[in-house]
Amino acid sequence: MSFFEIPKGVLKNLDHFRSRFFLQRSSDKHKYRLAKWDILCRPKDQGGLGILNLQLQNKYLLAKWLVNLLNTNGLWQNLLTNKYLRSKSLSQVKAKPYDSHFWRGLMKIKDEVLAKGSFEIKDGSKARFWEDTWVGEVPFKVKYPSLFNIVRDPHATVAKVLATRPLNLSFRRALVDNKLVEWRNLVAQITHVDLVDGLDNFRWNLTKSGLFTVRSFYLYLIDTHPPFRHKSIWKLKIPLKIKIFLWFLQRGVLLTKDNLAKKNWTGSQRCCGCNSNETIKHLFLDCPYARMVWRIIFYATGLTPPRSIGHMFDSWLSNQSKNIRNLIWVGVAAVCWAIWRCRNDIIFNNIKVGSILQIIFRGTYWLRLSFMLGHLEIIAMELVKGGWKQNYCL
């Protein structure tokens, strides 16, 4: 995956099996897909589940070879230079039909990689004068497009252009009016540049250190969606499966009977706890069992029940501090998970819920488990800090 460009057909098959494993597990029964695969592959802070996009990851792993070819020397760099570059720079060569699969993959992403970095000029042999960034923040072809459109050699290197004074550039038409002004500005911008011995260095602009990382490239190009407003659910100290459950809940795609009906399911839409039609809002807020749970919570804590699922995830706890809000959300997650599990037991396992206490017991069980996990995490941190003898000695 880090050496060859994966064919589209192979990627499609890999994503098919990955999505089937995530949504269907090992079961042979047909299961409904609750979200599109490209949504699941978005980062968590953009509304997805953070599943790796293999196509992008494959591309950026290949990009690492390009940057190493630009900045380092070694046996494999010499082999590639002698076979494909010869007297040209990496930025000047293009893929040919008879090139190896590895080299064609590098050439496909070359322009994309070079656009995210800049060159520190020494001898000027690696950087293109017009197409690469080496002075300022954008290439000259972007800053002076009218000059680039009429230059005779648009792919010339910095070394070739700065080899003579005046500059070794010629244009197909005379420079007059605005073009002449742009030419004078360009010349003034590079008058301070002097070529010296040594190879140009490619600096990666997506990291503060200037060093290339696959992660920085991946996060930059996948950052194409609006921020996820409810990303705090991923920071709760609860099991991952309950976090994913909350993610499906806020999207309104849990397989309640009304959502199943939208997928051409023909069964009864009656709620298993009453005679109303089952919807997400009804199941978690309006069903008699759910209302009783929320009423107990209100009497115990004074917390007013949410009006809807949207209200629950948006402004319901806006008047609470961040720490209190996170604690309340752990309890809300336990309540919603307990309601969902009891509902599934009634439908799939024919287990009758004889009392509201069964839901409360299930919710308190998950609360105890989450707090135990949090307590164990605190103990682990104390162990790392060497605080066992002071705080946890027997």
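Residues numbered from 1 in each chain as written. Predicted model: local features only at pLDDT ≥ 70, side-chain atom pairs only at ≥ 80, totals over all residues. Heavy atoms only, no water.

Participant: Got a minute to help me understand the overall build of the protein chain in this structure?
Facilitator: Per the secondary structure count, the protein chain includes 18 helices and two strands. Its C-alpha radius of gyration of 30 Å places the protein chain more than 25% over the 21 Å reference for a compact globule of 394 residues. Based on the C-alpha atoms only, the size of the protein chain along its principal axes is roughly 90 × 60 × 50 Å. Counting the 394 residues in the protein chain, one finds 41% classified as buried. Sequence-distant contacts in the protein chain: of pairs separated by 6 or more residues, those separated by 24 or more amount to 59%. Surface exposure of the protein chain reaches about 23,300 Å², of which carbon and sulfur atoms provide 56%. (Helix = DSSP H or I, 4+ residues; strand = E, 2+ residues; numbered from the N terminus. Rg over C-alpha atoms; globule rule 2.2 N^0.38 Å. Buried < 20%, exposed > 50% of the residue type's maximum accessible area, 1.4 Å probe, protein only. Contact = heavy atoms within 4.5 Å. Areas by Shrake-Rupley, 256 points an atom, 1.4 Å probe, with all protein chains shown as cover.)

Participant: Just checking my understanding: could you explain the nonpolar core for this structure?
Facilitator: Looking at soluble globular proteins, one finds that nonpolar side chains tend to be buried together. Among the nonpolar cores identified, the biggest contains 56 residues, and Leu-246, Trp-247, Leu-249, Phe-284 and Met-312 are the most heavily contacted of them. Counting only elements with at least two residues in this core, the list comes to helix H2 (37-40), helix H11 (240-251), helix H13 (280-286), helix H14 (288-301), helix H15 (309-313), helix H16 (322-348) and helix H17 (356-385). If one sorts the elements of this core by residue count, H16 sits on top with 13 residues. Setting aside chain neighbours within four positions, we find Phe-284 in contact with Phe-245, Leu-249, Leu-254, Ala-290, Trp-294, Ile-309, Cys-336, Ile-339 and Trp-340. In terms of nonpolar packing, the next biggest core, distinct from the first, is built from 52 residues, Leu-70, Leu-106, Trp-183 and Phe-217 among them. (Core = buried A, V, L, I, M, F, W, Y, C linked by side-chain atoms within 4.5 Å.)

Participant: Explain the pattern of salt bridges here, please?
Facilitator: Note on pairing: side chains with opposite charge can pair once their charged atoms come close. In this structure the tally under the stated criterion is nine salt bridges. The partner of Asp-314 in a salt bridge is Arg-229, with the nearest N and O atoms 3.8 Å apart. Of this pair, Asp-314 sits in the loop between H15 and H16 while Arg-229 is found in the loop between helix H10 (214-222) and H11, placing the two residues 85 residues apart along the sequence. Look at Asp-314 and you get partly exposed, because its relative accessible area is 42%. Judged by its relative accessible area of 67%, Arg-229 is exposed. Between Lys-281 and Asp-286 there is a salt bridge, with its nearest N and O atoms 2.7 Å apart. What makes Lys-281 partly exposed here is its relative accessible area of 35%. With relative accessibility at 29%, the residue Asp-286 sits in the partly exposed group. (Salt bridge = Lys/Arg side-chain N within 4 Å of Asp/Glu carboxyl O.)

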